[in-house]
Amino acid sequence: MPVITGALPRVDTGRHQHRPLALVTGATSGIGLAVAQNLVVDHDLVLMARTAADLDDLAMLLAAESEARIRTRAVDLTDDEAVTRAVDELGIDRLDVLVHSAGVEAAARVDELTPQQWRDVLDLDLVAVAHLTGLLLTALRRARGLVVMINSGAGLRTWPGQALYCAAKAGMRALADCLREEERGQVRVTTVYPGRVDTPMQKRLHHAKALRLRAEGADLPRYRAADHMTAPSVAATVRLAVDMPLDASIDDLSVRPAGML
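Residues numbered from 1 in each chain as written. Predicted model: local features only at pLDDT ≥ 70, side-chain atom pairs only at ≥ 80, totals over all residues. Heavy atoms only, no water.

(A) Local environment of the pairing of strand β6 (residues 146-150). Of all the 5 residues making up β6, 5 are buried; the element is thus mostly covered by neighbouring parts of the structure. Neither face of β6 is left uncovered, since the one carrying L146, V148 and I150 and the one carrying V147 and M149 both have all their residues buried. Of the strand pairs in this sheet, strand β5 (residues 97-100) and β6 are connected by 4 bridges, and their pairing is parallel. Counterpart to V97 in the pairing with β6 is L146. Crossover handedness for the path β5 to helix α4 (residues 115-143) to β6: right-handed. The pairing of β6 with strand β7 (residues 188-194) spans 5 bridges and is classified as parallel. Its bridge partner being in β7, I150 is matched across the sheet by V192. After leaving β6, the chain enters helix α5 (residues 163-182) and then returns to the sheet as β7, a path that is right-handed. (Buried < 20%, exposed > 50% of the residue type's maximum accessible area, 1.4 Å probe, protein only. Helix = DSSP H or I, 4+ residues; strand = E, 2+ residues; numbered from the N terminus. Pairing = 2+ DSSP bridges. Right-handed = clockwise from strand over helix to strand, strands pointing away.)

Listed below in structure tokens is the structure:
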């Protein structure tokens, strides 16, 4: 099965010529991983994450289960020059789908957050999203492509102790809305707002909230995966946007745990 990593040249021949191409950030865990596993059925993939070894393992696994052509790029998305080099080296002429799934959180009250924490989270959750999208817009326009931004319920409302994460996701929402208007008729933009999802990030957020409540003399029920959606359920909403005909676009998708299991 074809697995291509690093800066190897692109070859657009044979059965891969007609497969659409999707680029997924944060591809080695959580929602990004689930999206990659969903799209590999009928898309060639470019997978981005921080760790080369994890990307290589994922590419080998996906290639063994599909006919996809897979390329990987280990890059720190907050390193502007490295991201620019990565995009140049990939040489993507046409891009059908761009999924922004990489993200980070810092759970604390406003008076507990440091300026560096603000910069770190906003840099990855917002600035890096805008930068990578800008670099790939020409390729997206050629394909009349789709940008999917994995946001959060935090992009629609706020919670105590989540000022930074909520601010980053509200900014991401505004970025998506502006991009949609700027690129209307050329590139479609869908924002997905998941509720609680059983991911490592959600477990960290639950742990931070439990510590804060404990310090205030209250308790939080233990974390239960059954109270959350699975990452593949969120990937199914991305698939819905991807499969829309070109004459229609889904602007916003909110998905919540059904509480039925």
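(B) Quick peek at the pattern of salt bridges. For the structure shown, the criterion picks out 9 salt bridges. Because the salt bridges share partners, they merge into one network encompassing D42, R239 and D243. (Salt bridge = Lys/Arg side-chain N within 4 Å of Asp/Glu carboxyl O.)

(C) Fine view of the environment of A143. Along the polypeptide, A143 turns up in helix α4. A C-alpha to C-alpha distance of 8.9 Å links A143 and V97, two positions 46 residues apart in sequence. For A143, the contacting residues outside a window of four places in its chain are R94, L95 and D96. (Contact = heavy atoms within 4.5 Å.)

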